[in-house]
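# Examination of the molecular architecture
Below are the chains, spelled out letter by letter.
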Amino acid sequence: MEPVINVPLYESERIDDLLTHEMKIIQSHEVFCFSMDAVLLARFASAPKRGRILDFCTGNGAIPLIMSTRTPEATFEGIEIQERLYGMASRNVALNRLEGRITMHHGDVKEAVERFGHAKFDVITCNPPYMPATGGEKNISEHFAIARHEIMLSLEDVIRVGSQLLKNGGKLAMVHRSTRLIEIISLMRQYGIEPKRMRLVYPRRDAEPNMVLIEGMRGGKPELRIAPPLIVYENGEEYCEELQEIYFGRRDSLA
């Protein structure tokens, strides 16, 4: 990969190492930093050799950036409603010289069908807001409130619009709170997406799961395969061997 280029940085922004393929990413603790959730989804979602992949709620673009290292010819797009984050994502594409493979769009996921048309994508990924708009205490920052609470986009919106944008046989992959698993499966089936692959994520071996990785197929037949659990921390605060391999480039998939 060619070296990254210089791009403008704004107040509170910094450039971090994305820990894969010498890629870099612009982040800001005041606005947005990608989390482990995004890394896990980017490594779990199907990555076809060719095709068109769209990331809902793309934030600073971490998921398309990471996924671009897994598939040589697929093209990626991201859609982000917050202008500041869209700008950050666009600069991250330029920073890593990926303009030929990744395109960012400023807009509302709920209006994506009007923008792109029906049945245009092979894979859709989403790390959505986890908390209902009526639940939990809102963060002081508007950026974090929108990212964490279903203020601008609900779980049903994600699945309904995803179903409309996917080709028949296309896949919707999400990371979400495990406590909402039944709701996710019910909505997928309601909108014609059959759950096909799932993996529960546990912070520690003796804890309950706190995340679920799930992928469904548009028009698929019923058959859900459940992968072995992913235990994040082993031996205190040390990442498990699988995650260490992901973060240090010895493995590119959690599938």
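The chain is annotated in an unreviewed UniProt entry as tRNA1(Val) (Adenine(37)-N6)-methyltransferase of Brevibacillus brevis.

With that settled, consider the overall build of the chain. When helices and strands are tallied, the chain shows eight helices and 13 strands. Within the chain, buried positions represent 53% of all 255 residues. Summarising the internal contacts of the chain: among those between residues at least 6 apart in sequence, 69% fall at separations of at least 24. With an accessible surface of roughly 11,900 Å², the chain has 50% of that area assigned to carbon and sulfur atoms.

Of all hydrophobic cores here, the largest spans 46 residues; its most connected members are F34, L40 and L243. Of all elements in the fold, only β2 (24-28), α1 (36-44), α2 (62-67), α3 (83-95), β5 (102-106), β7 (166-176), β9 (211-218) and α8 (241-247) reach the threshold of two or more residues within this core. Examining the composition of this core, we find that seven residues originate from one element, α1, more than from any other. In this view, L243 contacts M36, L40, L230 and V232; residues no more than four positions away in its chain are not counted. Counting residues in each nonpolar core, the second largest holds 30 residues, with F121, I124, L153 and V212 among its members.

A few words on α3. A rise of 1.5 Å per residue sets the reference length of α3, with its 13 residues, at 18 Å; its end C-alpha atoms lie 18 Å apart and thus fit the reference within 8%. L85, M88, A89, R91, N92, V93, A94 and L95 are the residues of α3 that are buried. Its buried side turned inward, α3 meets β1 (13-17), β2, α2, β4 (75-80) and β5. At the exit of α3 stands R97, carrying a positive phi of roughly 55 degrees.

Below, the discussion takes up the packing of aromatic side chains. A full pass over the atoms with the stated rule returns two aromatic pairs. On the basis of an interplanar angle of 90 degrees and a centroid distance of 5.3 Å, the ring pair of F116 and F121 is categorised as edge-to-face. Here F116 falls in the buried class, since its relative accessible area comes to 11%. What makes F121 buried here is its relative accessible area of 0%. A centroid spacing of 5.5 Å and a plane angle of 25 degrees characterise the contact between Y233 and Y239, whose relative ring orientation is stacked.

Structurally, T125 is set in strand β6 (residues 121-126). The class of T125 is buried, set by a relative accessible area of 0%. Side chain to side chain, T125 and D55 meet in a polar contact 2.8 Å long. For T125, the residues in contact, after removing those within four places along its chain, are L41, A45, L54, D55, F56, I63, M67 and A173.

On to the pattern of salt bridges, then. By the definition in use, this model includes 15 salt bridges. Among the ionic pairs, D108 bridges to K110, the shortest N-O distance being 3.2 Å. Note on D108: relative accessible area 15%, which makes it buried. Relative accessible area serves as the criterion here: at 31%, K110 is assigned to the partly exposed category. If you follow the salt bridges from partner to partner, you end up with E13, R84 and R91 in one network.

Quick look at the pairing of β7 now. Here β6 runs beside β7; their pairing, made up of five bridges, is parallel. Residue F121 lies in a different strand from β7, and its bridge partner there is L166. The pairing of β7 with β9 spans six bridges and is antiparallel. Each residue of the ladder has a partner; that of L172, found in β9, is G216.

Its place among the elements puts E156 in helix α6 (residues 155-165). Exposure remark for E156: the relative accessible area of 32% places this residue in the partly exposed category. It is 8.3 Å that separates the C-alpha atoms of E156 and I184, two residues lying 28 residues apart in sequence. Those residues in contact with E156 that sit more than four places away from it in its chain are L187, Q190 and Y191.

You can see F32 is positioned in the loop between β2 and α1. Residue classification places F32 among the buried positions, given a relative accessible area of 17%. The sequence separation of F32 and M88 amounts to 56 residues, and the corresponding C-alpha distance is 9.4 Å.

About the thresholds
Residues numbered from 1 in each chain as written. Predicted model: local features only at pLDDT ≥ 70, side-chain atom pairs only at ≥ 80, totals over all residues. Heavy atoms only, no water. Helix = DSSP H or I, 4+ residues; strand = E, 2+ residues; numbered from the N terminus. Buried < 20%, exposed > 50% of the residue type's maximum accessible area, 1.4 Å probe, protein only. Contact = heavy atoms within 4.5 Å. Areas by Shrake-Rupley, 256 points an atom, 1.4 Å probe, with all protein chains shown as cover. Core = buried A, V, L, I, M, F, W, Y, C linked by side-chain atoms within 4.5 Å. Expected span 1.5 Å × (residues − 1). Phe/Tyr/Trp six-rings, centres within 6.5 Å; stacked < 30°, edge-to-face > 60°. Polar contact = N/O pair within 3.5 Å; in protein donor to acceptor, adjacent residues only side chain to side chain. Salt bridge = Lys/Arg side-chain N within 4 Å of Asp/Glu carboxyl O. Pairing = 2+ DSSP bridges.

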